[in-house]
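The residues making up each chain are set out below.
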Amino acid sequence: MANSITVRAAVYRGDGDRLAVEELRLDAPAHGEVRIAVRAAGVCGSDRHVIDGEWNVPMPAVMGHEAAGVVEAVGAGVRELAVGDHVVVAWHQACQRCGECAGGKPWACMRVKSNESRLPDGTTRWQSLDGAEAWPYLAVGAMSEHIVVPDFAAIKIDERVPFDVASLIGCSVGTGYGAVVNNAEVLAGESAVVVGAGGVGLSIISALRLAGATPIIAVDVSEEKLAEAKRLGATHGLIGGPELPAEVAALTAGGADVAFEAIGRIPTMEQLPTLLRPGGRAVFVGLPPEGHPLTLDALLLAYEGKTIIGSNYGGLVPARDFPRVAAAYLAGELPLDELISARIALDEVNEAFDAMRRGERTRSVIVFAPESPASGAES
Ligand code: APR
Ligand code: ZN
């Protein structure tokens, strides 16, 4: 296709758990689309699910879905964005027209294709150098020097937000903030427990502090993560295990008002309602492997009036919520810099996933040089 460019990207081909950094062709933005020079891309647990073979995606897959960058080209019909705008990318790309989208629940859009790693029209703008179609993971493919997305998925934010922090707003931070504000609707003074203090769990903890929850109990298997959680606003840190319900009850006069699972493990999801007082809300944020049912004591729900809330992308309305998160960060109310423990080059992406598998690091962010030019403009 005319005006495609060559980009370097981290690609998954289904052979083992390694990504290959290789060159691909990326089409020019079509009608209603923008091309973004990616400046930062977060390394998220969802990518790891794919690379470790837990979820199926079309391959070859351009990995990554947590991106911020600068608009560098706009397709026909794009009115809201201009070249030079700083944007955060939303990976849940809803149709923008159905009842759910119009009603403020784009995450419930049934026409969405981004979960299938396709642009909303079902296609891709990527090709391998051998000409085969390549697919942007979650319709973003953030681990690439340049990406093409629909204009509504590129949310303009304040240029004072650094790109590494901004990238996290597109997934982990946005998801955590939305789980607290949109899904659980946490009120000041409510007690909260967060199981799993990785990138998503720590984002939930900082949003809980913003919402005024107290106490905020962080749970992890790593003391290092618990120490980080306390820096971000947790009042207590506990090592997970069978004693957890009793320990949480002791700190919350009988059980928490709200509990979040931010790992995606079936055993911790099953334990979550037991951490609550009657009437409490259990929020499932972590994504489990496909095909693993839960076993729950139904009396906890029917008799004790507990609620289980599924949180898909934090119930986010990106155009509303991304700028709010950015504003809270700029006001010093969300300590998002603290979430980033490593800034790496694209070629170091496999080591970042290895560190994640070992339970190390809060968030690794791939940083792209600003000058990285769009090469091969004619083809
Ligand atoms: N009990 C408590 N904590 C645990 C346990 C356990 N049994 N097992 C692992 N953890 C902790 C890890 O130590 C780590 O701190 O859970 C955390 C998981 O964090 P990350 O690996 O950084 O994953 P993250 O990016 O936060 O994503 C978490 O949310 O969006 C989803 O797909 C994503 O399912 C994933 C989840
Ligand atoms: Zn993610």
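Residues numbered from 1 in each chain as written. Chains lettered and ligands numbered in written order. Predicted model: local features only at pLDDT ≥ 70, side-chain atom pairs only at ≥ 80, totals over all residues. Heavy atoms only, no water.

Undergrad: What's the story with the domain arrangement of the protein chain in this structure? I'm lost.
TA: When the parts of a complex come together, some accessible area is lost, and that lost area is often used as the size of the interface. Along its sequence, the protein chain is organised into domain 1 (5-170 + 341-367) and domain 2 (173-313). Distance from the C-alpha centre of domain 1 to the C-alpha centre of domain 2: 28 Å. The partner domain 2 presents 12 residues to the 18 residues of domain 1 that form the contact. Among the residues domain 1 hides against domain 2, the three largest losses belong to W55, W107 and T362. Together they make up 34% of the total. Taken together, the links from domain 1 to domain 2 amount to 0 salt bridges. Put simply, domain 1 and domain 2 have 7 residue pairs in polar contact (both at pLDDT 80 or more) between them. Among the secondary structure elements, those contributing two or more residues to the side of domain 1 that touches domain 2 are α1 (45-51) and α3 (163-169). Its residues assigned to classes, the side of domain 1 that touches domain 2 shows 7 nonpolar, 7 polar and 4 charged. (Domains from an automatic or database assignment. Contact = heavy atoms within 4.5 Å. Buried area = accessible area lost by both parts, 1.4 Å probe. Salt bridge = Lys/Arg side-chain N within 4 Å of Asp/Glu carboxyl O. Polar contact = N/O pair within 3.5 Å; in protein donor to acceptor, adjacent residues only side chain to side chain. Helix = DSSP H or I, 4+ residues; strand = E, 2+ residues; numbered from the N terminus. Nonpolar A, V, L, I, M, F, W, Y, C, P; charged D, E, K, R; others polar.)

Undergrad: Looking at this structure, how should I read the nonpolar core?
TA: Within soluble globular proteins, side chains that are nonpolar tend to cluster in buried spots. If you look at the biggest cluster of nonpolar residues, it comprises 103 residues, and the most contacted ones within it are M143, L208 and F260. By size, the runner-up hydrophobic cluster in this structure holds 16 residues, among which are I217, L244, V248 and A259. (Core = buried A, V, L, I, M, F, W, Y, C linked by side-chain atoms within 4.5 Å. Buried < 20%, exposed > 50% of the residue type's maximum accessible area, 1.4 Å probe, protein only.)

Undergrad: Sorry, what's going on with the coordination of the zinc ion (ligand 2) here?
TA: The textbook angles at a metal center are 109.5 degrees for a tetrahedron of four donors and 90 or 180 degrees for an octahedron of six. The protein atoms donating to the zinc ion (ligand 2) are C44 (SG), H65 (NE2) and C171 (SG), with metal-donor distances spanning 2.0 to 2.2 Å. Site description for the zinc ion (ligand 2): donor spacing in sequence, C-x20-H-x105-C. Of this pair, C44 sits in the loop between β3 (33-42) and α1 while C171 sits in the loop between α3 and α4 (172-183), and the two are 127 residues apart along the sequence. (Donors = N, O, S within 2.8 Å, 3.2 Å for Na, K, Ca; no water.)

Undergrad: What is the right way to look at the site of ligand 1 in this model?
TA: Around ligand 1, 18 residues are found, and the nearest of them are S46, V200, D220, R265 and R363. Here an oxygen atom of ligand 1 and a backbone polar atom of G198 are 3.5 Å apart. I263 places a main-chain nitrogen or oxygen 3.1 Å from an oxygen atom of ligand 1. Bound to the protein, ligand 1 loses 87% of the 730 Å² it would expose on its own. For the shell around ligand 1, the elements supplying multiple residues, two or more each, are α1 and α5 (199-211). No other element matches α1, which puts 3 residues into the shell around ligand 1. (Near = heavy atom within 4 Å. Areas by Shrake-Rupley, 256 points an atom, 1.4 Å probe, with all protein chains shown as cover.)

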